[in-house]
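Residues per chain, in single letters:
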Amino acid sequence: MATAVRRWVKVLDQERCIGCHACTTACKSENEVPLGVTRTYVKSVDVGTFPAVRRAFQVTRCNQCEDPPCVEACPTAAMYQRPDGIVDFDKRACIGCKACMAACPYDAIFINPEDHSAEKCNFCAHRLEVGLEPACVVVCPTEAILIGDLADPASPVASIVNRSPVAVRRPEKETHPSVFYRGAHQATLDPLAAARPPGGLYAWAGQGPDGPGRVAAGHPGTANGTASATVSYDVPHQIPWGWRVSLYTWTKGIAAGAYLAVLAVVLAGRLSWSASAMRWTAPSVGLALLAVTGGLLVWDLKHPRRFLPLFLRPQWRSWLVRGAVALTAYGATLVAALGAGAAGSVTAEKVVAGFGLPLAVATAAYTAYLFAQARARDLWQSQLLAPHLAVQAVVVGAGAILLATAGAAPERTGLLDVLAAAAAAHLVMVAGEAMPRHPTAHARLAVDEMVRGRFAGFFWPGLVLSALGVAAPWIGLAAAPCALVGIALHKHAFVQAGQAVPLA
């Protein structure tokens, strides 16, 4: 008779937790977690106002989701889900792309600074396999941490989960966590329910304000909670994707848009298929910027020498994999376009364009679906993002071709008109992303960081420079560099602001 598959879950009884941090230190010792990062820690929030104040604790860690976004986003299956429900990781397969970090709604994954691979709590799977409990369960002096098989109705955890009021973190993300909280205060579960302490002075350390590449804990303004609550202890979290990813979205846009912009002028009948811009300039600029894009992507990996597994052992649900395929196919199409141009065959050029058009759009727009796999980054969930990226690609592509051809007469007029139309569409879409009141607090905070906060210095100059692209038919070639720089600034503001809201 087949043995039933276990489903490991944890119950964290916050009515028993005394905030001693024994679980944190035991986890570090058992799993050799280096200083500066942690698989688990105890967050504390001071609830109420003096003299009626109490300190509420929350044991914070990976939630072992039934539907784990990190597994879906990982391009090499380094993050994977075991039959018993545990979400585990294979450091040998990790390429350090940080897609899992961006995808996690709980900020539970980090890059180990010593081996440069992604890591998180895995319920001490190596101990469970030999009949031992996880280190945190063993050392907890109040038995506030319980682990067991939810599929076994006789287990203590099944009894608690099935019969007692329990809560999970971020249920709206529909990941179905396997970590259940009993008696936890909402101010600890909701990352925006408690305010940051004045001056960033926490109980035992000063985190200070948000800095480059990191997000401090707590709501930066008026907290969402109904009670007066202030974070007293937490850890700042690193932003997964920095300026290299912002820059990659720009270079990729130029690579795709160079071909799209010239093709638009040709299809409008304002330029012939045999024109130099169509046969040579657009494919050459596209290939050059694809090479730069690939270099940026590899440079951003924590294991840059491992990039080949993207192709050799792909995990096809990941949009990093699908995007890599789109980039490769588009690059091959550009090579074919140069070949058709060298042969002087208009028929071949038209056939290549039939493949090049959708592949160029895919190259420009696939990042929208990559960002959408980061479920907790609400700003990135916009339905406008895919068409917006395609429009931005046309803006920068037209600008790049104008500069590459120095605005030569046969191409200039049509490209200036394409640039103006695409820049106008870009401004409309920016208004659609930034102006409406967003349905979630996370999206509203991200927009605020982009428009009025840390990234306003990129957003507003980017908007002004992009607006000059609308005047391209009147100001001529000067519009090209303005549009290129404007879109680059906007992309950086958008990518970074999407990661600027605390998740834990």
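Residues numbered from 1 in each chain as written. Predicted model: local features only at pLDDT ≥ 70, side-chain atom pairs only at ≥ 80, totals over all residues. Heavy atoms only, no water.

## Here's the deal with the overall build of the protein chain
Regarding its fold elements, the protein chain presents 18 helices and 13 strands. Sorting the 504 residues of the protein chain into buried and exposed places 58% on the buried side. Sequence-distant contacts, at least 24 apart, represent 72% of the contacts inside the protein chain between residues at least 6 apart. Carbon and sulfur atoms provide 62% of the accessible area of the protein chain, an area that totals close to 20300 Å². When the 42 positive and 33 negative side-chain charges of the protein chain are each reduced to one mean point, those points stand 4 Å apart. (Helix = DSSP H or I, 4+ residues; strand = E, 2+ residues; numbered from the N terminus. Buried < 20%, exposed > 50% of the residue type's maximum accessible area, 1.4 Å probe, protein only. Contact = heavy atoms within 4.5 Å. Areas by Shrake-Rupley, 256 points an atom, 1.4 Å probe, with all protein chains shown as cover. Lys, Arg positive; Asp, Glu negative; His and termini not counted. Charge placed at Lys NZ, Arg CZ, Asp CG, Glu CD.)

## Examining a nonpolar patch on the surface
A cluster of nonpolar residues, F307, L308, F311 and L312, forms a patch on the protein surface that exposes about 410 Å² of accessible area. Position of F307 relative to the elements: it lies in the loop between α9 (276–300) and α10 (309–312). (Patch = residues over 30% accessible without salt bridge, like charges linked within 9 Å, V, L, I, M, F, W, Y side chains within 5 Å. Salt bridge = Lys/Arg side-chain N within 4 Å of Asp/Glu carboxyl O.)

## Side note on the nonpolar core
Grouped together as the largest cluster of nonpolar side chains are 96 residues, with contacts concentrated most on W241, I254, Y259, V262, W380, L419 and M450. No other element matches the 14 residues that helix α8 (residues 243–267) contributes to this core. Once you skip the residues sitting within four places of it in the chain, I254 turns out to touch V285, L289, V396, G397, A400 and L484. Counting 40 residues, the second-largest nonpolar core is a separate cluster that includes C23, C62, A125 and Y181. (Core = buried A, V, L, I, M, F, W, Y, C linked by side-chain atoms within 4.5 Å.)

## Remarks on the packing of α8 against α9
Relative orientation of the contacting elements α8 and α9 amounts to 165 degrees, with a least axis distance of 8 Å. When the interaxial angle is binned, α8 and α9 end up roughly antiparallel. Where α8 crosses over α9, the two elements pack in a sense that is left-handed. Within the contact of α8 with α9, the residues separate by chemical class into 21 nonpolar, 3 polar and 3 charged. (Axes fitted to C-alpha atoms, helices over the stretch in contact; angles between N-to-C directions. Parallel < 35°, antiparallel > 145°, perpendicular 65-115°, else oblique. Left-handed = near helix turned anticlockwise from the far one by under 90°. Nonpolar A, V, L, I, M, F, W, Y, C, P; charged D, E, K, R; others polar.)

## What about unusual backbone geometry?
In this structure, the amide linkage connecting F50 to the following residue, P51, adopts the cis form with an omega of 5 degrees. Within the secondary structure layout, P51 lies in the loop between β2 (41–49) and β3 (52–60). Not every positive phi belongs to a glycine, and K98 is a case in point at roughly 70 degrees. Here K98 is to be found in the loop between β5 (87–89) and α3 (99–103).

## Concerning the state of the cysteines
All chains considered together, the criterion is met by 0 disulfides. Here C104 stays free of any disulfide, with the sulfur of C70 as its closest cysteine sulfur at 6.4 Å. For C104, a relative accessible area of 8% puts it in the buried group. (Disulfide = S-S within 2.5 Å.)

## Quick look at the packing of aromatic side chains
One pass over the full model with this rule turns up 6 aromatic pairs. Measuring from centroid to centroid gives 4.9 Å for W319 and Y369, while their planes differ by 25 degrees, and the two rings are stacked. A residue pair is termed long-range when its members are at least 10 positions apart, and W319 in helix α11 (residues 319–343) and Y369 in helix α12 (residues 346–372) qualify at 50 residues. Since its relative accessible area comes to 22%, W319 is described here as partly exposed. Judged by centre distance (4.1 Å) and plane angle (20 degrees), the rings of F371 and W380 are stacked. Neither residue differs from the other here; F371 and W380 are each classed as buried. Taken together, the ring pairs connect W241, F371 and W380 into an aromatic cluster. The lysine or arginine in question, R322, covers the ring of W319, its NZ or CZ lying 4.9 Å from the ring centre. (Phe/Tyr/Trp six-rings, centres within 6.5 Å; stacked < 30°, edge-to-face > 60°. Lys NZ or Arg CZ within 6 Å of the ring centre and 35° of its normal.)

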